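Analysis of the macromolecular model
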Amino acid sequence: MEKKIRRRFTAEFKAKVAIEAIKERYSIEEIARRFEIHPNQVGTWKREFLNNASHIFASTESHSEDKKQQDVLLEKLYAQIGQQKVEIDWLKKKLL
């Protein structure tokens, strides 16, 4: 018995299907057939898209603050990695 490989879909593909479902030009079944997915999946992606649509219009200030915090954290982590590399190199020298 052959094991069926699970397909993975990109965010762009999911958005494309969800937008097509929101337009309601075609039925869910027709969209599912066209994109070769199960009709339940179309409904799920449409519902998920509509529930998360408000995040697109969220304040850009909160996004910029999050980005700044991520940059500070990333810089600290790179500094820590650099320090650990120096220590490891020093310990390797001492062992030889």
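A brief report on the enclosed structure follows. Note that the coordinates shown come from a computational prediction; the quantities given were computed from them, not determined experimentally.

Before going further, it helps to spend a moment on the nonpolar core. In terms of nonpolar packing, the biggest core is built from 8 residues, these being Val17, Ala21, Ile31, Ala32, Phe35, Ile37, Val42 and Trp45. Elements represented by at least two residues in this core include exactly helix H1 (11-23), helix H2 (28-35) and helix H3 (39-52). If one sorts the elements of this core by residue count, H2 sits on top with 3 residues. Not counting residues up to four positions away in its chain, the partners in contact with Ala21 are Ile28, Ile31, Val42 and Lys46.

Take the packing of aromatic side chains next. In this structure the tally under the stated criterion is 4 aromatic pairs. Considering the side-chain rings of Phe13 and Phe35, the 5.6 Å spacing of their centres and the 85° angle between planes classify their relative orientation as edge-to-face. Linking Phe13 in helix H1 with Phe35 in helix H2, this pair joins segments that are 22 residues apart in sequence. For Phe35, a relative accessible area of 11% translates into the label buried. Where Phe13 meets Trp45, the ring centres are 6.1 Å apart and the plane angle is 85°; that geometry is what we call edge-to-face. Residue Phe13 is located in helix H1, and its partner Trp45 is located in helix H3; the two are separated by 32 residues in the primary sequence. On the basis of relative accessible area, Trp45 is assigned to the buried category, the value being 6%. Connected via pairs of aromatic rings, a cluster forms that spans Phe9, Phe13, Phe35 and Trp45.

How each quantity is defined
- Residues numbered from 1 in each chain as written.
- Predicted model: local features only at pLDDT ≥ 70, side-chain atom pairs only at ≥ 80, totals over all residues.
- Heavy atoms only, no water.
- Core = buried A, V, L, I, M, F, W, Y, C linked by side-chain atoms within 4.5 Å.
- Buried < 20%, exposed > 50% of the residue type's maximum accessible area, 1.4 Å probe, protein only.
- Helix = DSSP H or I, 4+ residues; strand = E, 2+ residues; numbered from the N terminus.
- Contact = heavy atoms within 4.5 Å.
- Phe/Tyr/Trp six-rings, centres within 6.5 Å; stacked < 30°, edge-to-face > 60°.

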